[in-house]
Amino acid sequence: MVGLSNQISENENIHLDGRVKVQGFYGTIKYVGAVENHPGIWVGVEWDDVSRGKHDGVVKGIRYFQTSHPYSGTLVRLEKLLGDFQTLEEAIIDRYYEKDEIVLDESLIKEARQFMHAPLLEIVGMDKIRQKQSHLDELCDVSVAGAPINRCGDLTRFRQITNLDLSSTLISNWGVVMQVVEQLKNLQYLDLSNNRIRVPAEAEISEFASVANKVKGINLRNNGITNWHEVLKIAKLWPNIEFLSLQDNSVGKIEKFTKENVFQKLEKLDLQGNKLENFENIVNLGHLKQLKELLLSNNNFTEVKMPDCNYQQKLDIFVALQKINLRDNFIKDDIACFNELDKLASLENLSYSTSTGERYEDWSYKAIALITGLKVLNKRRIEDSDRRNAEIDTWKLLFEKWFELSDDEIGREKFLNKFRAYPKLLLKYGTPEMHIVGAGAKKKSGTYKILLEHLGSGKRIERKLPSKMSIQALYGLISKLFAGVLDGNDFGLEAVDPRCENIRVPLDPSSKTIDYYSIKEGDTILIH
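Because the structure is predicted, anything quoted here is derived from the model rather than measured.

Novice: Give me the lowdown on the nonpolar core, citing residues and values where you can.
Specialist: Trp 228, Trp 238, Phe 263 and Leu 341 are the most contacted members of the largest nonpolar core, which totals 91 residues. Elements represented by at least two residues in this core include exactly helix H2 (88-96), helix H5 (174-183), helix H6 (202-208), helix H7 (228-235), helix H8 (280-283), helix H9 (334-341) and helix H10 (360-370). Beyond its immediate chain neighbours, meaning those up to four positions away, Trp 228 contacts Leu 246, Val 251, Lys 253, Ile 254, Glu 255, Phe 257, Phe 263, Leu 271 and Leu 285. By size, the runner-up hydrophobic cluster in this structure holds 38 residues, among which are Trp 395, Phe 419, Met 469 and Ile 525.

Set out below in C-alpha cells:
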C-alpha cells in the first residue's frame with residue numbers, strides 16, 4: 001500500500017479530473033484511493049463512451065465517486081493507468097522527427113573516409129537528420145491527434161506553428177492550453193475536439209486574460225459541453241476568435257447574453273448536432289454583428305421563427321449573416337420557414353433538407369422564390385433560369401389565394417406578411433386575370449386543346465392533351481409527332497399563353513403535370 005501511495009505522489013498524471021486512455025477508450029479520473037476488501041490503490045474512471053462502464057461510482061453499497069450517467073463508471077487498478085503520458089513537445093518530436101537514422105559523430109565519419117580513401121565521403125543519414133531537425137523549426141501545421149498529451153513542455157523551437165490539432169488528447173484543464181498558446185505566439189487555429197477540458201473558474205479566466213494571443217479559430221467538437229454558461233466562460237478566454245465549433249455537444253438552450261468581451265469578432269459559429277429545440281434561442285445570437293455563418297443542422301427544430309416585421313422591411317438582427325445550415329431538423333412547414341428566413345437582410349446561402357418527404361425539385365423552387373436574396377441552395381449556385389422558373393411557379397401557386405382577397409385589404413396585408421416575396425413577383429410578372437393562370441373550374445377540365453409549334457420548321461399540330469399528363473410523357477409524345485423535324489431527343493419545351501406572351505415557362509422533363517403549369521385550353525407549347 002505504501003509503495004503504491006508513493007507512486008501516486010510521484011506520478012503527476014494520476015489526479016482528480018485528469019484524463020486517461022485505456023485500450024482506445026477515454027475517461028476522466030473521479031476517484032483515487034482504497035476500495036473496501038480489495039488491496040492496493042484504485043482509480044475511479046468515468047468513461048466518455050458509457051458502454052465501457054459498469055456503474056455510477058457505487059460498488060457494493062459504497063459510493064466512491066459520482067458519474068453523470070448511471071453506467072459510465074469503472075474502478076481500475078492504478079497499475080493499469082501508469083502508462084505512457086507525453087508533453088506536447090515530446091509528441092511533436094515523436095510525430096515529426098525522423099528517428100530511424102543512425103547518428104554518427106564526426107570522428108567516426110573521419111575514420112570512415114580514411115578507411116575508404118574517400119575524402120569527399122558524405123553520410124546521407126546525417127544530412128537527412130540535420131534537415132529534419134531544421135524542419136522542426138519551420139513547422140506551421142501540426143497534428144498530434146490521439147497522442148497521450150497532458151502537459152505542455154518547452155515549445156520555443158516550434159514558434160512558427162499556426163495551426164495545431166490537439167484533438168483526442170488527455171489535456172484536462174485550460175491551464176495547459178494557455179501554456180501552449182503563450183509559447184506559440186503565431187498560433188491562429190486550435191483543434192481541441194474530442195477532449196474533456198474542465199470549465200475554467202472565474203479566477204482562471206482572470207489569470208488567463210493577460211495571455212496575448214492571435215488565435216482566431218477554436219474547435220470544441222464533442223467536448224461534453226452541456227450548457228451555454230460553460231460556453232460563455234470558455235469564450236472569455238478567447239476575445240479575438242472568429243470561428244468557434246461546438247458541434248456534437250449537448251447544448252439545449254442559449255440564454256440572452258450581452259457581455260461586451262465575448263464573441264465581438266465571431267464570424268462563424270457551428271452548433272450542429274446539439275439539442276436545440278426552440279428557435280428563440282438562436283435569435284438570442286442576433287446581436288452578434290460580425291456573424292456571417294451559422295451551422296444548425298441535426299438539432300431538434302420544428303419551426304424557424306424570427307421576430308415580427310412588416311413584409312417591406314428586414315430585421316435589424318443577424319445583420320451580417322450570409323450563410324445558414326438547417327439540414328436534418330424536423331421543420332414542419334417549409335414555406336413558413338423560407339418566409340421567416342427572408343427577414344434576414346444579408347442571407348444568400350442556405351443548406352436545407354425537408355422533413356415532409358418532398359423531393360428536392362418539389363421544395364427547392366419555394367426556397368428560391370421566397371428568399372429573395374438567395375444565391376446558393378445546398379451548395380448549388382442558383383442560375384437565372386432557376387430563379388425565373390421558381391418565381392413563376394410560386395407566382396401561379398399563390399395567385400388564386402391573392403385573387404380571392406382582392407376586396408379584403410386586411411387579408412391582403414396578412415397574406416403579404418405570410419408570403420413576403422409575393423409583392424416583388426407581382427411587380428415582376430404582373431397581376432394576370434384568373435383565366436390566364438387557369439384557376440377555378442377551367443383548371444379542373446379533363447383535357448385541353450393545345451397548339452404544339454416547332455420553332456425551327458414552323459410545323460404546327462393541335463392536340464387534346466389530358467390535364468394530368470406528365471411533362472415527361474409530353475416529351476415522348478412530341479418526339480413521335482415531330483419525328484421528321486426533330487434531331488433525336490435533343491429539344492426543349494416552353495409554355496406560352498397567347499394573352500400574356502411575355503411569360504414563357506420552360507417545361508423540364510419531370511413528373512409534374514400539364515395542369516401544374518396552369519396550361520389550359522388554347523395555350524401554345526413551343527418546341528425548340
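Novice: Help me get a handle on the sheet that holds strand S16 (residues 323-325), residues and values and all.
Specialist: Read from one edge of the open sheet, eleven strands run S8-S10-S11-S12-S13-S14-S15-S16-S17-S18-S19, paired in mixed fashion. Bordering the open sheet on either side are strand S8 (141-143) and strand S19 (380-381), each of which pairs with just one other strand. Of the strand pairs in this sheet, strand S13 (residues 243-245) and strand S14 (residues 268-270) are connected by three bridges, and their pairing is parallel. Bridge pairing in S14 links Leu 244 to Leu 269. Its contacts with the sheet put H2 on S8 and strand S10 (163-165), and the angle it makes with S8 is roughly 100°.

Novice: Break down the pairing of strand S3 (residues 38-47) for me, citing the residues and quoting the values.
Specialist: With eight of ten residues buried, S3 lies mostly within the body of the structure. Here strand S2 (residues 25-35) runs beside S3; their pairing, made up of seven bridges, is antiparallel. Bridged to Val 32 within S3 is Val 43. Counting the residues that bridge the hairpin from S2 to S3 gives two residues, and of these Asn 37 lies at a positive phi of roughly 70°. The sheet contact formed by S3 and strand S6 (residues 73-77) spans five bridges and is antiparallel. What sits directly across from Val 43, in S6, is Val 76.

Novice: Now, about empty space enclosed by the protein: what can you tell me, with residues and values included?
Specialist: On inspection of all chains with the given rule, the structure shows two cavities of 30 Å³ or more. As a volume, the second largest cavity reaches approximately 40 Å³. Together, Ile 335, Lys 366, Leu 370, Thr 394, Leu 397, Leu 398 and Phe 419 line the second largest cavity. At the level of elements, H10 and helix H11 (384-404) are the ones that each hand at least two residues to the lining of the second largest cavity. For the lining of the second largest cavity, the element with the most residues is H11, which contributes three residues.

Novice: Now, about the packing of H11 against helix H12 (residues 409-418): what can you tell me, with residues and values included?
Specialist: Orientation of H11 relative to H12, taken along the N-to-C sense of each, is 160°, at an axis distance of 9 Å. The angle between H11 and H12 falls in the class roughly antiparallel. In this structure, H11 meets H12 at a crossing whose hand is right-handed. Of H12, the residues touching H11 (which contributes Leu 398, Lys 401 and Trp 402) are Arg 412, Phe 415 and Leu 416.

Cut-offs used in this document
- Residues numbered from 1 in each chain as written.
- Predicted model: local features only at pLDDT ≥ 70, side-chain atom pairs only at ≥ 80, totals over all residues.
- Heavy atoms only, no water.
- Core = buried A, V, L, I, M, F, W, Y, C linked by side-chain atoms within 4.5 Å.
- Buried < 20%, exposed > 50% of the residue type's maximum accessible area, 1.4 Å probe, protein only.
- Helix = DSSP H or I, 4+ residues; strand = E, 2+ residues; numbered from the N terminus.
- Contact = heavy atoms within 4.5 Å.
- Pairing = 2+ DSSP bridges.
- Axes fitted to C-alpha atoms, helices over the stretch in contact; angles between N-to-C directions.
- 1 Å grid on protein atoms, 1.4 Å probe; cavity = no way out; pocket = protein on both sides within 12 Å on 5 of 7 lines; lining within 4 Å.
- Points joined across faces, edges and corners; volume = space filled by probe spheres on them.
- Parallel < 35°, antiparallel > 145°, perpendicular 65-115°, else oblique.
- Left-handed = near helix turned anticlockwise from the far one by under 90°.

The quantities given are spatial measurements derived from coordinates; they are silent on function.
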